[in-house]
Structure formats: C-alpha cells, structure tokens
Amino acid sequence: MSKVPIRQATQAAIDQAAERLAAGELVVFPTETVYGLGGDATRETAVAAIFEAKGRPAHNPLIAHVADLHVLRQIAVVNAQAEALARAFWPGALTLVLERSASCAVAPLATAGLATIAVRIPAHETALALLRAFGGPVVAPSANVSGRVSPTRAEHVQLTNEQHVAMILDAGPCTIGLESTIVDLSGGWPQLLRPGGITKEQIETVIGAIEQGPQVSDRPSAPGQLESHYAPKARLRINAEAPGEDEAYLAFGDAPDHSGGVQLNLSPKADLSEAAANLYDFLRRLDAAGASAIAVAPIPDEGVGRAINDRLKRAAAPR
Ligand code: AMP
Ligand code: MG
C-alpha cells in the first residue's frame, strides 16, 4: 500500500497538483488508460525521480502528455499522418512517436537520448485539467513498480521509492484499463509498436496499412523474445480452457463455474472492452486472494482482445 496521500480530483486538488509539478515534484493522476506517475518533462531531476520511483531502466523512454496541439508542436514535428490521426483519435488512447522538434525542451533522459519522442493527448477530464493547469508537457509512465501490473484505481498505486511523489489524484477506476496504442510515425512508414484500446484496423481506416513494428518492452532484447511485464505475483497460464487443481481461474464469457477454486470472470457477456477494463484489477484480486497460480481463459484475438492477449503473454513470460 502506498503512503502517498490520495486526494479526490477536485479543481482545487488539481491546481495544487499542478503547483507540485511546477516545483519539480511528482504527482499520480488518472487517465482513461491507467494511472500515471507524472513529472515535468523538461526537468531532468523530475524525470530522474520517475525512473527511480518505478525502478524503471533509464533506456526505456517515457510518453510526454500534453493538453493540446499547440503545446505538442513545441516538442514534436507534427507530420501529415500525425495531423490525421490527431483529428480522428485525440484526445484519446493513442500514442504517436514523432520526430523531436528543434526547440524541444523535453529532458533527453525522458526520451532515452533518442531523436524521436512519444506523445499523447489523453481524454480523461482530470488528466486534461492537470495538463492545462500545468501548461507544459508531463511525462507519465504507469504508476507501478517496473514490470508489474499497472494501476487502474488510485488505491492500486505502488512504487519503489515514493520520496518525490506529492499526491495521488483519485477519480475512480480507469474506463479503458490498458495502456495506449503506440504508432511510430517517425520513420518512412507507420509501425504499430504496441496494441491498445484503439485497434490497428481503426488506425488503418485513417492512414492506410500499417505494419507490425518491433514490440515495446522494458528491456529491448532479441527480436521476438517476450519480456516479462504486467506480471502479477502469481504464475500465469494463458489460453486455459479450465483451471488445474491448484490454479485460480480468470474466465471470459460463458464459463462453467469451476467451484472449489477461486474464480473471476473478466466479462460474463464476452465484451472485450469490459474485459480490458477489468484485467489488471482482477489479476490483483487473485493475487490478494493468495493464488500462487492463475489460469486465464482464451481471449478472442480481435479488436481490443489483441491488446489484452499482448499483456497476458508478457505477464505469463518467464520472469
Ligand atoms: P509506458 O511504458 O506505458 O510508459 O509506455 C512507454 C513505451 O513507449 C515504452 O515502453 C517505449 O518502448 C515506447 N516509447 C516511448 N518513447 C519512444 C520512442 N521515442 N521511440 C519508440 N518507442 C518509444
Ligand atoms: Mg507501464
């Protein structure tokens, strides 16, 4: 459990949070995807504190969040494809990797020294209010220990080092519950780096065919190798039609009750968006119930189901 004070996300609390950011401290805030650990993107010390708080390797770049295209243009080169995707999906759960602008004041540490920068305008009211009150870009990875389950509620927030974290703004559960879709527009052709709530097909209706790029991970490694991430404490077994004797079961859709064991259903009516919103919360609950192993039902690999399966595969990867 975090010792950082949790505050209801009233305008007064949001204004105070913006002041803390301006003072170089960190603030946890809700977005429609997951809760983020935010800091002033232009301040090297604040960015360093984020990596420290999460135990995140410094070569894993962060996403810069902004309130509008005006602030975005100060840090990134918005090309024609980015304009089109911005019009279609922002504010929303889409992150674009763009070229850093010549005048970009974002700390090099935030972008791992790259010539590109990942940017997003989130849709959550509290996130937007905070970004507007602060004015500049805010880098905000998920507010969890690196490699573990992302927080989708204020009370899930947990960090390795909370020394520089001033407060947690609470606005209830996240509606999407999975990290943003990431599309790289900085090269010759668009690449999908991470599946998310906005699907490949939706993006392709706007800019045409995109290809599957190298998968993002905490520790860039050999191509195709799955990196352990989003992992609960319990061992995870995916595509399981039924739980084994000592396994808790994370079901989906019309599943028989495997009574005797612990069982939760991501979406009894087989709705993939509902399943995405429940995923991290339910993994936590099964952990909390003391399960040492969790079997997860097959999830249809379509639409947001692909993002769910991406996270589950990583959560099940060897640690
Ligand atoms: P998160 O871990 O949810 O904060 O998302 C950040 C992810 O975006 C990282 O894991 C990176 O792999 C990816 N990312 C951020 N910046 C860049 C960039 N400039 N180029 C490619 N990928 C990036
Ligand atoms: Mg994360």
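Quick notes on the rules
- Residues numbered from 1 in each chain as written.
- Chains lettered and ligands numbered in written order.
- Predicted model: local features only at pLDDT ≥ 70, side-chain atom pairs only at ≥ 80, totals over all residues.
- Heavy atoms only, no water.
- Salt bridge = Lys/Arg side-chain N within 4 Å of Asp/Glu carboxyl O.
- Buried < 20%, exposed > 50% of the residue type's maximum accessible area, 1.4 Å probe, protein only.
- Helix = DSSP H or I, 4+ residues; strand = E, 2+ residues; numbered from the N terminus.
- Domains from an automatic or database assignment.
- Contact = heavy atoms within 4.5 Å.
- Buried area = accessible area lost by both parts, 1.4 Å probe.
- Polar contact = N/O pair within 3.5 Å; in protein donor to acceptor, adjacent residues only side chain to side chain.
- Nonpolar A, V, L, I, M, F, W, Y, C, P; charged D, E, K, R; others polar.

*Asks:* Is there a simple way to explain the pattern of salt bridges in this structure?
*Replies:* In a structure, side chains of opposite charge can pair up when their charged atoms sit close to one another. Scanning all chains against the criterion turns up 13 salt bridges. Its salt-bridge partner being R20, residue E25 comes within 2.5 Å of it at the nearest N-O pair. When its relative accessible area of 29% is taken as the criterion, R20 is described as partly exposed. Taking the shortest distance from any N to any O, the salt bridge between R306 and E201 comes out at 2.8 Å. Taken together, the residues span a long stretch of sequence, with R306 in helix α8 (residues 304-316) and E201 in helix α6 (residues 200-207) at a distance of 105 residues. Residue classification places R306 among the partly exposed residues on the basis of a relative accessible area of 29%. According to the relative accessible area criterion, E201 is partly exposed, its value standing at 39%. Beyond isolated ion pairs, a larger network of salt bridges with shared partners links E179, D310, R311 and R314.

*Asks:* Even after reading the chapter, I still don't get the domain arrangement of the chain, so can you show me in this structure?
*Replies:* Many structure descriptions define interface size as the accessible area lost when the parts assemble. For the chain, the domain assignment lists domain 1 (6-212) and domain 2 (235-315). Facing the 21 residues of domain 1 at the interface are 13 residues of domain 2. With both chains or domains summed, domain 1 and domain 2 bury close to 1,400 Å², and 55% of this area falls on carbon and sulfur atoms. Where domain 1 meets domain 2, there are three salt bridges. In this structure, the connection of domain 1 to domain 2 is made through nine residue pairs in polar contact (both at pLDDT 80 or more). Tallied by class, residues from the side of domain 1 that touches domain 2 come to seven nonpolar, nine polar and five charged.

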